[in-house]
Each structure stands twice: as C-alpha cells, then as structure tokens.
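Below, each chain spelled out in residue letters.
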Amino acid sequence: MSTPAPFPTGTILGYPRIGRRRELKRAVESFWKGDITAAELERVSAELRAATRDRLVELGLDGRGSAIPESFSYYDQVLDAAVTVGATPARFSYLEDAEGAVDLAGYFTIARGEGEHLPVEMTKWFDTNYHYSVPEIGPETNFHLASTRLVAQYAEAVAQGYVTRPVIVGPVTFLLLSKASEDAPEGFRPLSRLADLLPVYRELLRALRAAGAEWVQLDEPGLVSESLNEDRLTVLTAAEKAYRELGDDTDRPQIFVAAPYASLDDALPVLAGTAVEAISLDLVRGSLPEFTPGLEAKTLVGGVVDGHNVWRGDLTVAADTLEALRGLGSGAVAVASSTSLQHVPHDVNDEPYLSDQLKSWLAFAEQKVGQIATLATGLVNGRGSISAELAASAAALADRLAAPGVHDPVVRARTAALTADDFSRGEYAARVAAQAAALNLPDLPTTTIGSFPQTGDIRRARASFVRGDITEAQYNEFLREEIRRVVALQEEIGLDVLVHGEPERNDMVQYFAENFDGFDVTQNGWVQSYGTRATRPSLLWGDVSRPAPFTVEWSAFTQSLTEKPVKGMLTGPVTILAWSFVRDDQPLAETANQVALALRDEIADLEEAGIGIIQVDEPALRELLPLKVADQADYLDWSVNSFRLSTAGAADATQIHTHLCYSEFGVVIDAIRALDADVTSIEAARSKMEVVHDIKASGFDHGIGPGVYDIHSPRVPSVAEISELIATALGEIPASQVWINPDCGLKTRGYEETTASLTNILEATRAARG
Ligand code: MET
Ligand SMILES: [Zn+2]
C-alpha cells in the first residue's frame, strides 16, 4: 500500500437505508408487484444512496476521507454478504446464472421464498429489533465472489465526488450467524468453512482496492457476543486466523473491524495482534479496555454516541470517554456511533407533533452525526472549540431530569410497595382444572396470534380519522364492522379461540404507548425491522401509568358476537420496552415494573368484563437478552418478573397466554417456564418444528402452540405440510399440551392467503384429532 490515508476522525458505522419517507420500501414492494422494473428499482436506490452521501457531508462528515459508510442494503446486510460470497442455499441454486450469481429478483426470492421453496429463516440481529436472513452453509457451499455490487456502489460514490468506506459483514460473524444447510451432516459447523471463505473476502478486498477504496469496514459484532453457537476459544481462534490472513495480504484497502453492541473483551488483544488498521469499541454498551500490545499501531474508534437509542446523551461524558481512550496509547483515536445508526430514525426535526422540550432531549440519526462531527472537532482542536455545544447538551440533560412527568409520585409509591405475592399466580394444576371447567375447549385447540390482515381499507380509515375526515363515531363503527367480519370468518373456518383481529392498533407497542402516560409517539420515526418492514418505536420518557381502560371495550364487543371464547390481547412489559426507545436515567427493571402495573390494571378490567382468556405477547423477551453471559441472569430475572407482575392478578380460571416470535426456545427455556403462562405460542414452521425437541427435552409441561404456518411469507402451507408439522409436534409433546396456531400475527398478510392457510390448518387439525 502506498501512503495510507488516515482513518477519518469522525464517522458512523452505518446509516438508515430505507429513506426518510421509506422510499426504499415503496420501491422494493413496487418491484415485487411488478409495477416497476429492476432497473427502476436500481435507479431509485442509487438516488437514495446519493442523497444520503450528500446529507452526511452537509452534516459534517468528511466526504473525501472515507468517513461515509457505504452501508446500503436492498433487504438485509447478511443476505448481501451471502450473495456476495456465493452462499446460495441449494434449493435456490436455480436462481444462479452461469457464474453462480443471483440477480436482484433472485436475491429477494431467497429472502421471501417461492412456491415450494421456503425462504431462508429470519432471526434477531444481536440484541436489536432488526432481523437478518440466516445464511445456510454446508460442506458443499461453493464460496466464490458472486457479486461485486459493493464495488459498484463504491465506484458510484467516486463518480459523485466522494471517497466512501464500503461496509460488509465480516467473515467470522457471517459464519457465526449461519446455520448448517439442510443436507449438511449432523454436527456440521458453518465456522469450519472459514478457510474456504477467506479467499473470497480477500478477492473482494482486492477488487475494492483496485477501485480505489482507502478503507473497508468489516462488521464483526459476532466477536462481542457470547450468545452464539460456538465456544469462545473457537471464536477467538477464527478471528485470529481471519484477520491474520486478510491483514497480511498487501493488495487491499486498510481494514476497519467494527465491533458494535458490547465490549470486545478478549477479542481485542486478538485483533490488536493482527495487521488490521482500525478497530471500533462500543463504549456505550461496553467499557473502556486496558492497553494491549499492538494497539500502538492501530486507530481506536470510540463508539461514544449511542446508535441504539434516541437520547441526546451527555456530550461531556462522551468527550471524557474519548480522552480516556486517547490515554490508552493507541496510534490514533477517532469518534463514531457505537453501532450502525440503522437502529434509529432519521431526524428529530421531522417530528411536527413532539414538543420542543422533548425534542431538545433527543438525537436521531442526523443529530447523532452532528454530535459526532462536534466531538471530532473537539478531538482535533481541543475541548474549548466545542464548549458551546457541550454546554447546550448539559442544559438539555438537566432540563430532562427535572421535567414533570419524569417522576410521578403515585407511580413511584406503587412500585415501592410491591411484595413477592404480587408476582405469583396460584398452582398450575388448580388453574388447569378451573380453566377446563370454564372454557370447555376441544383437544388440540386452534387459535391465531391476534392480528388479522391490516387491509388497505383499515389503513385508509385510520388515516381519514387521523386527518379528521371522519368522526370518532364513524371510525369506531368501521372498526366494529371489521371485527364482525373477522369473527364471522373465524367461526366459518372453525377456530376455537377467537380474536378481534386488532384492527384498531396501528402497532402492537405504539397502541399501548398512545394509551399510557409517560410515552410519546413519532410521526416519521421509522426504523427498519426486516426487509421492507419498518416500525416507529415509541418514546418512553417518563413514569408510566394507565389513565383508563382502552382494550376492554373492543374485547367485550367481540365477545358479545360469539359463543366461542374471545382472547383479550395485550403487549407485555418487556416487549413494550424492547420496541420503544426507553429512558436511560433509571434501571430498565424499574421502568418494566411500571409498565407491568399499567397492564395489570387492564387485565383486571378485562376479567371484570367477562374475558376468560388473555394473551400477553412477549415476542421480544429473547431479543433484549444481554450478549454477555454474566449479564443474562439479572436480565432474565427482572424481565420474567415484570411479566409475572402484569399477569399474577388474574384468577385461576382466567387462561393467560403468551406469544414469543422465535424458535430458539432452548436459549430461554427456563425463562419461558418461569413466565408461568398457561399457554405459550412460538414460531416453528420455518424451521420445520425443530424446536419441539428442545421443548420435550426441557420437560416443559404447560400449554404450547408451536406455529404451523409461516406468516413471514405469502406461501399457503398445504394440509399435508401442516399435518406433518402437527405429527412432529405430537411425536414429542403430549397432545393435552398442544395448541395449533400460526407462527405469529396475520397483520402483514392478505385475506386470500390467510383464509386459505387457516382453512388448511383446521383441516389438518381435525384429521389429527381423529
Ligand atoms: C410480533 S408478535 C405479534 C402478536 C400480535 N398479537 C399479533 O398478532 O400481531
Ligand atoms: Zn409473533
């Protein structure tokens, strides 16, 4: 390498790619529908990338100094890495051209499935609410450089006048996040293919270098996690091998290894001993490391601006941390976001309905870039040069901590008075008997997870109501009509436990945020959840309480329409926290108990109104699990307790359900058991019921509904396919425990596929009942 370019003093690890107004979602979905061509989609995407680069430079990043990350993705960054290295699952090999490359349409097909071909699985990306597509790797996977899209995007930036920094998931994390392919032999580990994968990364790096890239960013959050399926020594050995080999190649850009979401711990000395030039440290979630040999030759990139959360934070603390980092004695120090900013919305100034006071406490992606630019100036010119910004940040923080609503004495008194009894229901056996008498359900009871398709009609009616075009009475009548239809449909299909379909909910957390005190909701605060799906996390800024019942009227109305039991639907405390941006001025456990008490009030009112089954969804229980083993017990303790606090007031005869949206049941089985819900539904269809083996092995003895319909895909499962899944479940779990349900809510699906799928589920269930 000739005179290496220094690492930029201020940078971010990644930027939201969906567009301020979700332009990418619209374009991709239009492409799926056939309304626009691949070329048109590529054009819209190129425009988005160009606008992002321009904006980041305006906000203060160095446009020619590799400060702008080239972190765009059409769908998912892990899927991008998979198609880059030629890791097409065997069932999709028909999508490959002669060179083993898949085109844009093929890329989406791998993500979404087609006909008989199930899509790749999706699972949570570290401890975030982002989901990635799980690569499938086997002994036969033919790694080769199959896509140079990243090189093309770099060249596109150069043509625009910028020198950017290409970003790709690093080889170790890529394999750690992969699962063994279907035809891999028992016990096969994707990480065992590292030696075959590294030459592809080397080739990609060479191609980037040839295109002029000064720096490349390899994302390796796999190195901070202790929760992936390999032991630590194996991970460290892999990291050492990967970065020694890639580092020792001379024909490459400089390598920046990004390690967001927690501390690198013992992986830092390993990286420090290789030839990589820069390493990021998450100094928001993780802590300052000790000096380790090798660092004197590296740039340490201090992730001091929280990429996970929306608070403005304390700029002085950030500056202090950078100073302490400088004290370690590395070759150089730079400032960055702690993680990619893909986890926060675009712009606080895009929120017309938030008060100026609340806005002054917040920083979304644009504001965070501004903070980083400020801190970078401080690093170069000294703290005096940013004293005004430091003072403004301190004033905003002081204002926030003293604001009314942040401390509500009534809420505080209630959590302070809690005793052990408040967290426990009666004996399970007594509950089973009371519920059997009250509910009179058949064997293998069927139900859904709660939501029915959110049709264009529903969205339009909601928008008209929000705009004031229709009155509240008209809107409510529209919703009641919708519920009547959904109830009639469920009765016709023959489901046993009915739901109202959640048409009144724009989002399963936001709806609660709108009805609780202590929250605000955003207008444009979209954050990508997976693929083209984005959510608007609510802002939990104050003490939480429930001023009045809000789900009761809907559930009671629904129950009035049918003889079958209707399930009341609530979102659990952990999920409300996980999918909101939560205040960072007190322990999460305290906030969780406040939310739990608000829900407990709602459950008491639902029971009072005659609702005999209440589901408290906790799809995010696994997601907040800390990446470090040492932190997990404490988390599981408070999270499980908050769920118990929300449900423990229910009578024995009231059947409490919970729903978790993932299939890695094994990891949190003890916690799931400790939730003590009467019935738990989980995801299982996509992984062909793998999870039932864990359930059996764990001796789990409460009701369990492993999903038989993958709602992430438009595919309608056949009766035969569902029957096979049910048979697998019944092979492992006593029939008396088993419930039959889809993997998750139906809100993203259309009516045609939903009706067909539920009809097939009932047909398969009837056959299984015999
Ligand atoms: C992401 S979990 C979804 C649960 C919710 N009750 C629904 O059906 O939509
Ligand atoms: Zn779910």
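Residues numbered from 1 in each chain as written. Chains lettered and ligands numbered in written order. Predicted model: local features only at pLDDT ≥ 70, side-chain atom pairs only at ≥ 80, totals over all residues. Heavy atoms only, no water.

What about the overall build of the protein chain?
Broken down by element type, the protein chain carries 26 helices and 22 strands. By its C-alpha atoms, the protein chain is 80 × 60 × 50 Å across when sized along the principal axes. Counting every position in the protein chain, which comprises 770 residues, the buried fraction comes to 61%. A fraction of 77% describes how many contacts in the protein chain between residues 6 or more apart in sequence connect residues 24 or more apart. Surface summary for the protein chain: the accessible area is close to 27,800 Å², and the carbon and sulfur share equals 51%. In the protein chain, 66 side chains carry a positive charge and 110 a negative one; their mean positions are 3 Å apart. (Helix = DSSP H or I, 4+ residues; strand = E, 2+ residues; numbered from the N terminus. Buried < 20%, exposed > 50% of the residue type's maximum accessible area, 1.4 Å probe, protein only. Contact = heavy atoms within 4.5 Å. Areas by Shrake-Rupley, 256 points an atom, 1.4 Å probe, with all protein chains shown as cover. Lys, Arg positive; Asp, Glu negative; His and termini not counted. Charge placed at Lys NZ, Arg CZ, Asp CG, Glu CD.)

Observations concerning the site of ligand 1
Around ligand 1, the structure places 14 residues, and the nearest of them are Ile449, Ser451, Glu502, Asp617 and Gly745. Ser451 has a polar side-chain atom sitting 2.7 Å from an oxygen atom of ligand 1. One of the side-chain nitrogen or oxygen atoms of Glu502 is found 2.9 Å away from a nitrogen atom of ligand 1. Its free accessible area being 300 Å², ligand 1 has 95% of it covered by the protein chains. (Near = heavy atom within 4 Å. Polar contact = N/O pair within 3.5 Å; in protein donor to acceptor, adjacent residues only side chain to side chain.)

A short note on the pattern of salt bridges
Inspection of every chain in the model, using the stated rule, returns 51 salt bridges. Ionic pairing is found between Arg252 and Glu277, a salt bridge with its closest N-O pair at 3.0 Å. Of this pair, Arg252 sits in the loop between helix H8 (232-248) and strand E9 (254-258) while Glu277 is found in the loop between helix H9 (267-272) and strand E10 (278-282), placing the two residues 25 residues apart along the sequence. By the burial criterion, Arg252 is buried, and Glu277 matches it. (Salt bridge = Lys/Arg side-chain N within 4 Å of Asp/Glu carboxyl O.)

Brief notes about the pairing of E9
Of all five residues in E9, five are buried, a share of seventy percent or more. Here E9 shows a buried face lined by Gln254, Phe256 and Ala258 and a second buried face lined by Ile255 and Val257. Bridge analysis of strand E8 (residues 215-219) against E9 gives five bridges, and the strand direction is parallel. In the sheet register, Asp219 faces E9, and the bridge partner there is Ala258. In this fold, the crossover linking E8 to E9 by way of H8 has right-handed handedness. Where E9 lies against E10, two bridges are found, and the strand directions are parallel. Bridging across to E10, Phe256 finds its partner in Ala278. (Pairing = 2+ DSSP bridges. Right-handed = clockwise from strand over helix to strand, strands pointing away.)

Things to note about helix H24 (residues 691-698)
Considered for burial, the residues of H24 that qualify are Val691, Val692, Ile695 and Ser698. All buried residues of H24 lie within an arc of 125° about the axis, which places them on one face of the element. On its buried face, H24 is in contact with helix H23 (669-675), strand E21 (679-682), strand E22 (703-706) and helix H25 (719-732). (Arc of directions from axis to C-beta.)

What to know about the coordination of the zinc ion (ligand 2)
At the metal site, the zinc ion (ligand 2) is ligated by His659 (NE2), Cys661 (SG) and Cys744 (SG), and these contacts range over 2.0 to 2.2 Å. Classification of the site at the zinc ion (ligand 2) rests on its four donor atoms, whose angles at the metal span 86 to 123°, yielding the label tetrahedral. Spacing between the donor residues of the zinc ion (ligand 2) along their common chain follows H-x1-C-x82-C. In this pair, His659 sits in strand E20 (residues 655-660) while Cys744 sits in the loop between H25 and helix H26 (751-769), placing the two residues 85 residues apart along the sequence. The buried category is assigned to Cys744, whose relative accessible area is 17%. (Donors = N, O, S within 2.8 Å, 3.2 Å for Na, K, Ca; no water. Tetrahedral: all angles 85-135°; square planar, octahedral: opposite > 155°, others 65-115°.)

Considering the UniProt feature "binding site: L-methionine" (unreviewed entry) in the protein chain
As annotated by UniProt and renumbered to match this structure, "binding site: L-methionine" (unreviewed entry) occupies Ile449, Gly450, Ser451, Glu502 and Asp617. Taking the farthest pair of C-alpha atoms as the criterion, the annotated set spanning 169 residues converges on one region, since that pair is 13.0 Å apart. One can find Ile449 in the loop between helix H15 (428-439) and helix H16 (456-467). By relative accessible area, which is 4% here, Ile449 ends up buried. Not counting chain neighbours up to four residues away, the residues in contact with Ile449 comprise Glu502, Met569, Gln615, Asp617, His659, Ser681, Asn741, Pro742, Asp743, Cys744 and Gly745. By the element assignment, Glu502 lies in the loop between helix H17 (472-493) and helix H18 (510-515). Of the residues examined, Glu502 reaches a relative accessible area of 7% and is grouped as buried. Contact partners of Glu502, with chain neighbours within four places excluded, come to Ile449, Gly450, Ser451, Gln454 and Met569. (UniProt positions renumbered as here; feature names shortened; annotations may be inferred.)

A few points about the sheet that holds strand E17 (residues 567-571)
In spatial order, the strands read E17-E19-E20-E21-E22; together these five strands make up an open sheet with parallel pairing. For this open sheet the edge positions go to E17 and E22, each flanked by a neighbour on one side alone. Adjacent strand axes in the sheet meet at a mean angle of 20°, parallel and antiparallel pairs treated alike. Inspection of the sheet shows E20 paired to E21 by four bridges, in the parallel sense. (Axes fitted to C-alpha atoms, helices over the stretch in contact; angles between N-to-C directions.)

Side note on the sheet that holds E9
Here we have eight strands laid out as an open sheet, ordered E1-E12-E11-E10-E9-E8-E6-E2, and parallel in their pairing. The sheet terminates laterally at strand E1 (10-11) and strand E2 (69-70), the two strands that pair on one side only. Relative to strand E6 (residues 165-169), E2 is paired through two bridges, and the arrangement is parallel. Bridge pairing links Pro69 to Arg165 in E6.

Regarding the pairing of E20
Summarising burial for E20: six of the six residues are buried, a large majority. Residues Gln655, His657 and His659 point to one face of E20 and Ile656, Thr658 and Leu660 to the other, with burial holding for every one of them. When strand E19 (residues 613-617) meets E20, the two strands line up parallel, connected through five bridges. What sits directly across from Ile613, in E20, is Gln655. After leaving E19, the chain enters helix H22 (residues 629-647) and then returns to the sheet as E20, a path that is right-handed.

Concerning a negative patch on the surface
Residues Glu226, Asp631, Asp634 and Asp637 make up a contiguous surface patch of negative charge. The residue Asp634 is located in helix H22 in this model. (Patch = residues over 30% accessible without salt bridge, like charges linked within 9 Å, V, L, I, M, F, W, Y side chains within 5 Å.)

Regarding the UniProt feature "active site" (unreviewed entry) in the protein chain
Mapped onto the present numbering, the UniProt feature "active site" (unreviewed entry) falls at His712. Its place among the elements puts His712 in the loop between E22 and H25. Apart from the residues within four sequence positions on either side, His712 is in contact with Met122, Tyr530, Glu683, Arg686 and Arg749.

Considering the domain arrangement of the protein chain
Annotation of the protein chain at the domain level lists domain 1 (10-402) and domain 2 (409-418 + 430-769). Computed over C-alpha atoms, the centres of domain 1 and domain 2 are 32 Å apart. Taken together, the contact pairs 56 residues of domain 1 with 45 residues of domain 2. Together domain 1 and domain 2 conceal approximately 4,300 Å² of surface at their shared face, both sides included; 55% is due to carbon and sulfur atoms. The largest share of the area that domain 1 buries against domain 2 comes from Leu118, Met122 and Asn129, three residues that together contribute 13% of it. In this structure, the connection of domain 1 to domain 2 is made through five salt bridges. Taken together, the elements giving at least two residues each to the side of domain 1 that touches domain 2 come down to helix H1 (23-33), helix H4 (104-112), strand E3 (122-124) and helix H13 (387-402). (Domains from an automatic or database assignment. Buried area = accessible area lost by both parts, 1.4 Å probe.)

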